[in-house]
Structure formats: C-alpha cells, structure tokens
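Understanding the architecture of this molecule
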Amino acid sequence: MSMIGRIVTVYGNMVTAEVEGIVRQNAVAYCKRADGVKLMSEIIRVRGKLVDMQVFELTRGLKVGDDVEISDELLSVELGPGLIGMVYDGLQNPLAELATNYGNFLTPGHYLKALNREKLWDFTPVASIGSLVKASDNLGKVQENIFDHYIMAPFTLRGEWKVKSVAPAGKYRVEDIIATLEKDGETMDINMIQRWPVRMPLGLYKQRLLPTQPMVTKQRIIDTFFPVMLGGTYCIPGPFGAGKTVLQQNTSRYADVDVVILAACGERAGEVVETLREFPHLADPRTGGTLIERTIIICNTSSMPVAARESSVYTAITLGEYYRQVGLNVLLLADSTSRWAQALREMSGRLEEIPGEEAFPAYLETSIARFYERGGIVELNDGRVSSLTVGGTVSPAGGNFEEPVTQGTLKVVGAFLGLSYARSYARRFPAIDPLESWSKYSGVIDTQKVVWAHKFLKRGKTINEMMQVVGEEGTSIDDFVIYLKSELLDNVYLQQNSFDEVDAACPVERQRYLFDLVSETLNHEFKFADKAEARDTFFTLTEQFRNWNYTPWETAQLKEIEATIKETLASKEATNA
Amino acid sequence: MRKYYTKIDNIAGNVATLKATNVGYDELAIVEGSWGSSLAQVIRVNGDTVTLQVFAGTRGVSTGDKVSFLGSSMKFSFSEDLFGRIFSGSGEARDNRGELTDNLIEIGGPAVNPAVRLMPHRMIPTNIPMIDVFNTLVEGQKLPIFSIPGEPYNELLARIALQAEADVIIFGGMGLKYDEYLYFKNRLEEGGAMNRSIMFVHTASDPVVECLQTPDLALTVAEQFAIQGKRVLVLLTDMTNFANALKEISITMEQIPSNRGYPGDLYSQLASRYEKAVVFEEGGSITLMAVTTMPGDDVTHPVPDNTGYITEGQFYLKGGVIDPFGSLSRLKQQVNGKTREDHRAIMDGCIQLYSKCRETREKRAMGFEMSDWDLKLLAYGDSFEKEIMSFDANVGLFDALKQCWEILADHFEPRETGIRSNLCDQFWPKNS
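Residues numbered from 1 in each chain as written. Chains lettered and ligands numbered in written order. Predicted model: local features only at pLDDT ≥ 70, side-chain atom pairs only at ≥ 80, totals over all residues.

**Examining the packing of helix α2 (residues 153-163) of chain B against helix α3 (residues 178-190) of chain B**
All names here are of chain B.
- Remark: α2 packs on α3, axes separated minimally by 10 Å, with the N-to-C direction vectors making an angle of 20°. The orientation of α2 with respect to α3, classified from their angle, is roughly parallel. The interaxial crossing formed by α2 with α3 has right-handed handedness. Where α2 abuts α3, its residues Asn-154, Ala-158 and Leu-162 lie against Glu-180, Tyr-183, Phe-184 and Arg-187. (Axes fitted to C-alpha atoms, helices over the stretch in contact; angles between N-to-C directions. Helix = DSSP H or I, 4+ residues; strand = E, 2+ residues; numbered from the N terminus. Parallel < 35°, antiparallel > 145°, perpendicular 65-115°, else oblique. Left-handed = near helix turned anticlockwise from the far one by under 90°. Contact = placed C-beta atoms within 7 Å.)

See the structure below:
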C-alpha cells in the first residue's frame, strides 16, 4: 500500500513532504518530478504530518507541491543465487545493466532488479516433504560457482511450517516456485528470492561463536604480527597515500575466504574500475576459477549521490550476512568508513541536529559499533559454522588518529592495522606501523615467537632514535647490530613487494619457514671488526633474503639461496674461542 | 510568459530569499536591478520561500529588484566554436567576441557509471624526470599540485599543458590574480596551443559565486569532448579558492561548519569535480591537473587533506622542485611496468637512497662524524638533486633512466642500492 504526500521543502538531497496517514521510519518513498521521473528516497525523520526524506539522487528540478509516493517497505535488498560476480550501486542496482540500458551516465530515476530473472539454476531439493522448517532452514540448494548455495525458508517466517511440496531436481529461474509450506491451513509458495531490510541485522543462527581460526591474508605482517580471524573485525586507518587501498586490494585477492564483498564507499571510481576490469582475469588459486567468481562489488563512489553512499555499507553487510547464512566464510571490506561517517554528518547537518565532535552526529559511535557487530562467526541452525569478517578502512582527516571516526572504530574492532606516513614515504610497504598496530587475535605463528621477534623492532627503534642524538660513533657495536637486525626483520619480513608475482602472496607454510630463517639470523651471534663490516654484511643478507622472497616455493634455486644465507651467517659467526 | 517577482525579502552575503511558487530546486533565475543584472541559482525551496545564490553577489541589490525564473538549471553552449575562446565563471564571453547560444548542455550533470570506465593505461610523457620516472602521469588521472603560495606551480602547470599531448586543453582559473590569467593566456598563445584551448576564468575581483561555477563549466565542456572521443586535459587553478568560496556560501547559509569553517560536504563537493576525470571505453578521456595551495604549508589543512583522499596522488612542489617524498602518482603502476623492466626498480631504489641521504644530512647538521657510507649517501644526494630533481631537467624517460643508473654507479656498489641483482647485471654501466 502506498500513500501520496506533497513536497514542502527541497534542500540539497533532503526533501520534506507533508503527508496524511501512517508512515514508517526508514520506509522507501519516491519523489515524483514534474517530468514523471521518480527519485528513490528514504524516510529518516517524522515530525507530525511532515516527513523528512533523504533522496538517493540529484534533487535538481524537484518543486514544492510535487507528489511523493510513500511505501510501507523498509529500504531492502534482494537476496538469492546470482549475487556473486555482480557490481551494484549502493541501492543494489546492477551497474553493468544500467549502462547497457541507459548509457554512460547515471541519470536519476532508473532502478533495475538486482538478480537475473532469466538465468537457470540447477536445483536439488534438500528438505523432505512433511518435515517442519523454521526461518532460514534449508529447503534445497543450487550450485553457484563452486559453492552450494542453499535456498532457505523465508527469514521472516514465524514459527514452524510444514513442507507441503518441494520441486524435483531440475533447472529453475529465481522466481520459480521451488517449495510450498503450510501452517494452520495457510500455504506459502517459496521461490529463490528473499528480501531483507538493510538496516536490520540478519542473524538467524543457533549461536555466535568466539573467533578462533585465523583468516589468512598471505600478507606476512598481518598473518604473523597482527592477525585477523574468521568472524573477526579489523580496521585500517591511515592518511592518504599510505597504501590503504592497495592493502585492501591485496587482501581481497589473497584472503582465504569463500566470498569477498567489496564496498567502495565514497572512494575513487578508478579503484573500483581496477577491480572490475582485473578480477575477471585473475585466477583464484583456491578454486581454479577467476577472482570475480567469488566477489561482489558494491560501488558508491565519491561522485555518486551521498545518501546512497550512506546506505551502501548496509547493503554490503546485508549481502555478507546472507552468504554467511548460506554457510560460507565471507569477508567484507569497506573502503572507506570515514566517507560513510561523512555522509551521516551531511544528513545530520541538513536535519539541523545538534552536532558532536567535528560536527559528526552524536550517534556516530553507536552507528559504527552496530555496523561492526554485524560481523562474527556463527553456528547455523543445521550445525554448520560460517563467518562474516569485517574490515574497514578509515581515512582520518590530516592523518590524525584522534578524530571521532578512528576512535569510535578502535573501540569495537579486534585488530588495528595503523598505516603510517613515515613508512610509506620510506617506501616500506605494506605501510602498517609495527609499533602502533595491535591485534587481539592470535595468528599463524606461535605467539611467544612473535612477541620475541617484535622486541627486536622496539629495540631497533629505540637504538635508532638514540643514534639520531649520539651519532653512530656513540653507539656500541652490540646495539648497532641489534638495530641492523631489526632493519633486516623489517626489510625482508614485514615488507612485501605486492608487484612481485611470488612475493605478493606468502602462504602460511612459507611464512613459517621464512620466520624461522629470519629468527635464526636474529638469534645469530655475529662477530664484526667494525660497524662498516656489520653494515656490509647486513646489506648482503638483506639482498639474499629479498632474492629468497622473489623465488618460487619448493624450487632448487630457493634451496641455493638459503644456502648462501647460511654461508653468510657462518662466515661472520662469533666463536667462543 | 515569464513571471516577474518584485519583492525580495532577505539579502545577506551572496544569498537572497523571496516568495515565489512553482520553482524547481537548482533552477536558474535572473535578478535585474539598477546596478545591472545577474544570474542566480535556487539553492533551497521551502514552502513558497525560495533561496537564491546570486552569482554577481548582492552588493547593490534592492528589495525591489525584478526576479524571474528560467525554468531550468544552468546551461552552456557546446560546439567546436569554443576553441580559442575565453569565458567568465558565469559562462559569459570574456574576450569581447560574441556570446554562443547553440546546442545548450546542462552544467554539472550526473556521474559516469563506473561500469563504462576503463582503467587508465596510457602514460603521458612530460619530459620532467621527477614525473616520468618517479611519478608517472597517466591519461585519465586526476592529480593536484600541492604547494605553498609563491612556488612556481602555475609554471609547472603550463609546462605540463604544453608538453603533454592532448587534443583539447581546458583551463579553469579560480580566484586568479589578473596577471596569472594573462600569464596562462600568453603561454598558451606562445606555445601555439590556443587554437585547441578553451579558458574559463574567474579572477579574484569577480563575484565569488562565479568561482563555484568555473570548474563545473570547464568539466562539463570537457566531458562533452571526451564523449566525442577526444583526449582532454583540464587544468584547474586554484582549487583552494574554490573551497574557500564554498565555505563563504555555506556560512552565509548558516550551515554548521565541520572543520576550520569548511562545510561538512567539502569532500563530496571536491570529489564530484575531480571524479570527472575518466577514460571512456570509446577512447575519449579527461585528465585533470589542479593546483591546491596549502595555507601555511600545512598538508593537514582541510582542502589539501580532502583533496589527497580524492585524487590519484599529488605532486608536492617544494623549494622549486617536485619533492619525491609525499609526491605520488597512484596510477603509475598501471604504466611503469610496461615501459622498461628497470623503471620500477630505479624508481624505488633511487628514492630509498635519497631518503637515507636526507637522514644523513640531518645527522651532519647535528655535527656527527660521517662514516664512509654517510659520505657516499651525501655525494649521491647532491648529484641526484642536481641532475634529476632540478626543475630545468628536460629529458625523455629512457634518457632519465640512463642518467639514474649513471648516478648510482658513480657512488655505489650494485648491492648497496637494494636493486635486484639481475637488473644490476643488465643495466649497471659497464665502464664504471
């Protein structure tokens, strides 16, 4: 049922309408321009007869007195097989189809269905006739790429329903009826599509579990020093130019998960284009397919309307929750949550709410917390375990981590990968600051060993700072060697060359091996005549380790390089003579 | 029949409000009074109250001035006749040649669908080694020059404009000093580029609202050429003036400022301009070079800070040279893997060593003894600055790479450079 209201105010992307009757907060409305074009909007405040709406399009041309169609449905997304590989805008319109139908520009007022209605899916029934099902119980499954995509009883189902019929195995479209349920004489036809309001967490599981299994990213500094777990949360704050996006892209390529959802929220279109154009050609080593076959892109770039940017992160996380519900391990990468926070701020300003710090609304922190809390590892109703890991970048103004978005995020995440100017200027990538960052999770290498190695970094930094004051000549050779060791650890372990085919992704086995090899060097008792010799030796070692990093795993050449490293170590060994 | 309103209720700053009906958001109006007439834009409609942003400012506007609405948002004539022309920020001819009225196009339209964009993939050679080798400019890129007032940023911009190959050059000047405007005009004329250039100029003495329109005019025209398959280079200077104009208007509108008086949507406002940079599947492109002056050399100032998050890198102009630290072309990786295999290694290697040289200089300044290694670094740094970083350096990419190898060989052993051994074997100058 929809009602008609009348526009009384237009100000930026906020429109106020006067309406008689019952309206629902966060319901969808359409502002109708004089030329008939309908602009999608969402109710964000109700004041008596007046409703304030954020319009997801340019409001150019709207007039006082124009009609507004107000629906009762909350802003929702369409869920079902066929989401993977798609590129959507913040409101789940498929961008490729928009381009085909309406050309190069995103002209306002065009909305398309998110799921392909024509595609045939190989359906296998799972539920038996006569059995009882609750919301989210499996009725059948289809094959989506390499995954079993379970078709579930509606998430909105109340109580237990009896399965009256299930379609036999065969090919079906998403809108075809695949099951019929009944309860108290009422029947319900089920197809493969579900709708879910984006602002409501989708959490139909038996229980939430504690994250215990590392999510391997193949980035050494993350997996070893600042690990993230399946179902965990992490954030990557950093000033511009520190390599946030490259890090996110590497994670999206190499992370050991089933589905990756990229939410490009208020960032550059170019970055999305890169993913869009490259992922269909990049092999996914896990599946033999291409990376796009496990990726969904939600793209609301910085020049697209700001209200849709605000909703795009919710669209993304709802899709993530859905695939978790299907039984998969999902990684959501939101880039950047600061742009989302800014969108909140813009709307808050237009609503003339009393501002908090830096003009952000007072509810900023709770909004951030609620967003990250939608991640997690869960046990589903049928006992399977699945997860949604959430990683968000933060773009703090001026690179200052004391600002509200960074601080609000740090409180709720399990790992903090802080990027630093200094490291990126020195071309030390990934520019995660090893002394500022932290993780509450444990990683792929024994925690004690990691703590031991980390001490070198701290000592090395202290010694380096000391050297800035007292000079190299005022530093003892022992301290100097510790400094060189810390630099070696930094250069050959923390840093990773994402443009080298081999070094870009370092699997767990290789990380463990390299960690031991580097540890051996850190542990080694060197004997040097003077500092020049020490520096020289470490140049050689660094070069040898780098070559090791660039050489493919399990090759004779790799063994040879390892031998040269050992040789260098032996040649400078301190003897107890 | 056009309807005239003759009662303005409020006048403040560049904003005027009046009672009117059937007015669309973003619609254009004309305010006519005894001091002349000006275009104005509807920036708010609330019941029958319409808020107008008056392009020429409200100085001298009377509450009895005549206001009429044009029924559409701002439009500008687009055709080949634009070449060689100069316009003001309100789209009026500045060169005493006639106004153009054909083929009107809407200014500031919707964003390009990301699905039809191509990844920028073609290098734009500039013959400036600090750009070509270290931070390659790529067709379709958006890149600002960050600098303090007083640096030769306009010279750099003009040099890039003339040396880069582009079918169309569109210049947008915001808050320019009059002599800066003449400088660009003369450079384009002397360089023989005026016949493929279009200039939109807002000088410091022009009304501030026109400053807001200038980039939109420039970019809308650029977009039209790009759709036709042209490779367009857009130059915008100075975007800080544009941001300050935004600040002025938003404060007049009593918006709550977010940071140092700038409106909360500064990021979105800047982004919607910069994001016009594009490479279309059909071949046309817009490359956008802008100048952002940093008040007090402070990169954390809201304008450079927000800009840095939007653009694909930035060139820092410091002490008359493009500073290798902080300067970044994010898209260089799209092209520098295809130029020559040593390009990336030289790019990283030279900068890492130069960074160490800077640290050593600090140590020297504090009076520490210099080790042999320190002396090597110092000597290297001097050569690197003199031959590569200098603003006068004007050589192609391969020559610049060769020079870099020579400088390295003059001062270091191959393994001290941190460059992979197989590249050193191949490119290290043999006679050293």
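What follows continues from the structure just given.
**Focus: the packing of helix α10 (residues 372-389) of chain B against helix α11 (residues 397-411) of chain B**
All names here are of chain B.
- The contact between α10 and α11 brings their axes to 9 Å, and the two run at 160°. It follows that α10 is roughly antiparallel to α11 by the angle criterion. The two elements α10 and α11 meet at a crossing, and its hand is right-handed. Two secondary-structure elements touch here, α10 through Lys-376, Ala-379, Tyr-380, Ser-383, Phe-384, Glu-387 and Ile-388 and α11 through Ala-400, Gln-403, Cys-404, Ile-407, Asp-410 and His-411.
- Partitioned by chemical class, the residues of the contact of α10 with α11 number seven nonpolar, three polar and three charged. (Nonpolar A, V, L, I, M, F, W, Y, C, P; charged D, E, K, R; others polar.)

**With respect to helix α7 (residues 302-310) of chain B**
- Most of α7 of chain B is tucked away, with nine of its nine residues classed as buried.
- Taken as a whole, α7 of chain B has its buried residues at Pro-302, Val-303, Pro-304, Asp-305, Asn-306, Thr-307, Gly-308, Tyr-309 and Ile-310 of chain B. (Buried ≥ 20, exposed ≤ 12 C-beta atoms within 10 Å, placed from the backbone.)

**So, the interface of chain B and chain A**
- At the junction of the two partners, chain B supplies 59 residues and chain A supplies 62 residues.
- Elements with a minimum of two residues in the side of chain B that touches chain A: β5 (36-46), β15 (257-259), α6 (266-274), α7, β20 (321-329), α9 (343-365) and α10 of chain B.
- Among the elements that line the side of chain B that touches chain A, the one with the most residues is α9 of chain B, at six residues.
- Across the side of chain B that touches chain A, the residue classes break down as 24 nonpolar, 21 polar and 14 charged.

**Considering the sheet that holds strand β16 (residues 186-190) of chain A**
Residues and elements named next belong to chain A.
- Overall, antiparallel pairing links the four strands, which are arranged β10-β13-β15-β16 in an open sheet. Taken across any chain shown, the strands that pair with only one partner, and hence form the sheet edges, are β10 (132-133) and β16.
- As judged from the two bridges shared by β10 and strand β13 (residues 161-166), these two strands associate in the antiparallel manner. Along β13, the bridge assignment pairs Val-133 with Trp-161. (Pairing = 2+ DSSP bridges.)

**Description of the nonpolar core**
- Residues Ile-261, Ala-263 and Leu-332 of chain A together with Val-234 of chain B are the most contacted members of the largest nonpolar core, which totals 287 residues.
- Setting aside residues no more than four positions away along its own chain, Val-234 of chain B makes contact with Ile-170, Gly-172, Ala-218, Leu-219, Ala-222, Ile-286 and Leu-288 of chain B. (Core = buried A, V, L, I, M, F, W, Y, C linked by C-beta atoms within 7 Å.)

**As for the domain arrangement of chain B**
- Domains assigned within chain B are domain 1 (4-69), domain 2 (75-332) and domain 3 (343-427).
- Taken over C-alpha atoms, the centre of domain 1 of chain B sits 61 Å from the centre of domain 3 of chain B. (Domains from an automatic or database assignment.)

**Focus: helix α5 (residues 306-326) of chain A**
Residues and elements named next belong to chain A.
- Here α5 spans 31 Å end to end across 21 residues, near enough to the 30 Å set by a 1.5 Å rise per residue.
- With 21 of 21 residues buried, α5 lies mostly within the body of the structure.
- Of the residues one or two after α5, Gly-327 is the one with positive phi, at around 115°. (Expected span 1.5 Å × (residues − 1).)

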